[in-house]
Amino acid sequence: MGAATEILLWWLALTGLWILTLSAPAIPELLAGAGAAAVCAVAARSARRAMNGAWQFKAAWLTWLAPLPKAALSESIAALRAVFQRPSAGNCEKVTVPAEPRAQHEARLAVATVVVGCTPGAMVVASPPDSTDLVVHRLLHDSATLDRVTR
């Protein structure tokens, strides 16, 4: 993948994420988001290159995104209940991600971290180098989002 293509993909993803957070988009907000996304896209590519990342994404990982809206809503409700019932709810655990060639494995960890972070039921807190594990804080014990990305 060329530099321009990678930066464009980062920009599209980041701009799309920004737009999703706006309740009533206005031109200045859209321009500010697009500008910030451009800076972040260049930084993301630079960071990946600095870490010698040569990620290889699998198209099948896009299926992880389809159930996110429903999971975000249901896990938000469940997370609020859990926190109100027990403020110290949740625990950290290691979650093993399938072993794959290095470029695919690193890409899976990156995508999994973002997908898991999109819902409140679980959050990746560490991804130890040269490990097939993610350290995840689970607020809910049955996070379907986490289960999908670790298969």
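Up top is the structure these notes are about.
Residues numbered from 1 in each chain as written. Predicted model: local features only at pLDDT ≥ 70, side-chain atom pairs only at ≥ 80, totals over all residues. Heavy atoms only, no water.

Novice: Can you tell me about the overall build of the protein, naming the residues and giving the values?
Specialist: Scanning the protein from terminus to terminus reveals 5 helices and 3 strands. Put simply, the protein runs from its N terminus to its C terminus through helices and strands in the order α-α-α-β-α-β-β-α. The 151 residues of the protein split such that 32% are buried. A fraction of 68% describes how many contacts in the protein between residues 6 or more apart in sequence connect residues 24 or more apart. As displayed, the protein has an accessible area near 9,200 Å², and 68% of this comes from carbon and sulfur atoms. (Helix = DSSP H or I, 4+ residues; strand = E, 2+ residues; numbered from the N terminus. Buried < 20%, exposed > 50% of the residue type's maximum accessible area, 1.4 Å probe, protein only. Contact = heavy atoms within 4.5 Å. Areas by Shrake-Rupley, 256 points an atom, 1.4 Å probe, with all protein chains shown as cover.)

Novice: Provide a residue-level description of the pairing of strand β2 (residues 122–126), including the pertinent values.
Specialist: Taken together, the 4 bridges between β2 and strand β3 (residues 133–138) define a ladder with antiparallel strand orientation. By the bridge assignment, A122 is partnered in β3 with R138. Count of turn residues in the β2/β3 antiparallel hairpin: 6 residues, of which D130 carries a positive phi of about 55°. (Pairing = 2+ DSSP bridges.)

Novice: Pulling in residues and values, what's your account of the nonpolar core?
Specialist: Side chains of a nonpolar character, in soluble globular proteins, are inclined to be buried together. Among the nonpolar cores identified, the biggest contains 9 residues, and these are V95, V97, L109, A112, V116, A122, V124, L134 and V136. No other element matches helix α4 (residues 102–117), which puts 3 residues into this core. The next biggest cluster of nonpolar side chains, apart from the first, holds 5 residues, and it includes W64, L68, A107 and V115. (Core = buried A, V, L, I, M, F, W, Y, C linked by side-chain atoms within 4.5 Å.)

Novice: Tell me about the environment of S127, and please be specific about residues and values.
Specialist: Turning to its location among the elements, S127 is positioned in the loop between β2 and β3. Filtering out sequence-adjacent residues up to four positions away, S127 remains in contact with L109, D133 and L134.

Novice: Quick rundown of the packing of helix α1 (residues 3–20) against helix α2 (residues 27–50)? Include the residues and the values.
Specialist: Interhelical geometry of α1 versus α2 gives an angle of 135° and a closest axis separation of 8 Å. By the angle between their directions, the pair α1 and α2 is classed as oblique. Relative to α2, the crossing made by α1 is right-handed. For the pair α1 and α2, the contacting residues are A3, E6, I7, W10, W11, L14, T15, W18 and I19 in the first and E29, L30, G33, A34, A37, A38, C40, A41, V42, A44, R45 and R48 in the second. Considered class by class, the residues forming the contact of α1 with α2 number 15 nonpolar, 2 polar and 4 charged. (Axes fitted to C-alpha atoms, helices over the stretch in contact; angles between N-to-C directions. Parallel < 35°, antiparallel > 145°, perpendicular 65-115°, else oblique. Left-handed = near helix turned anticlockwise from the far one by under 90°. Nonpolar A, V, L, I, M, F, W, Y, C, P; charged D, E, K, R; others polar.)

Novice: For the sheet that holds strand β1 (residues 91–96), give the residues involved together with the corresponding values.
Specialist: The sheet built from 3 strands is open, its strands ordered β1-β3-β2 with antiparallel pairing. The open sheet terminates on both sides in strands that have one partner only, identified here as β1 and β2. In this sheet, neighbouring strand axes are inclined to one another by 40° on average, regardless of whether the strands run parallel or antiparallel.

Novice: Hey, could you go over the side chain of E100 for me, with residue numbers and the actual values?
Specialist: Mapped onto the elements, E100 comes out in the loop between β1 and α4. The class for E100 is buried, based on a relative accessible area of 17%. Engagement of the side chain of E100 in a polar contact is seen with the side chain of R108, the distance being 2.9 Å. Once you skip the residues sitting within four places of it in the chain, E100 turns out to touch K58, W61, H105 and R108. (Polar contact = N/O pair within 3.5 Å; in protein donor to acceptor, adjacent residues only side chain to side chain.)

Novice: With reference to specific residues and values, describe the environment of L30.
Specialist: Tracing the sequence through the fold places L30 in helix α2. Residue L30 is classed as partly exposed on the basis of its relative accessible area, which comes to 30%. For the pair formed by L30 and T15, sequence separation is 15 residues and the distance between their alpha carbons is 8.4 Å. Beyond its immediate chain neighbours, meaning those up to four positions away, L30 contacts I19, L22 and P25.

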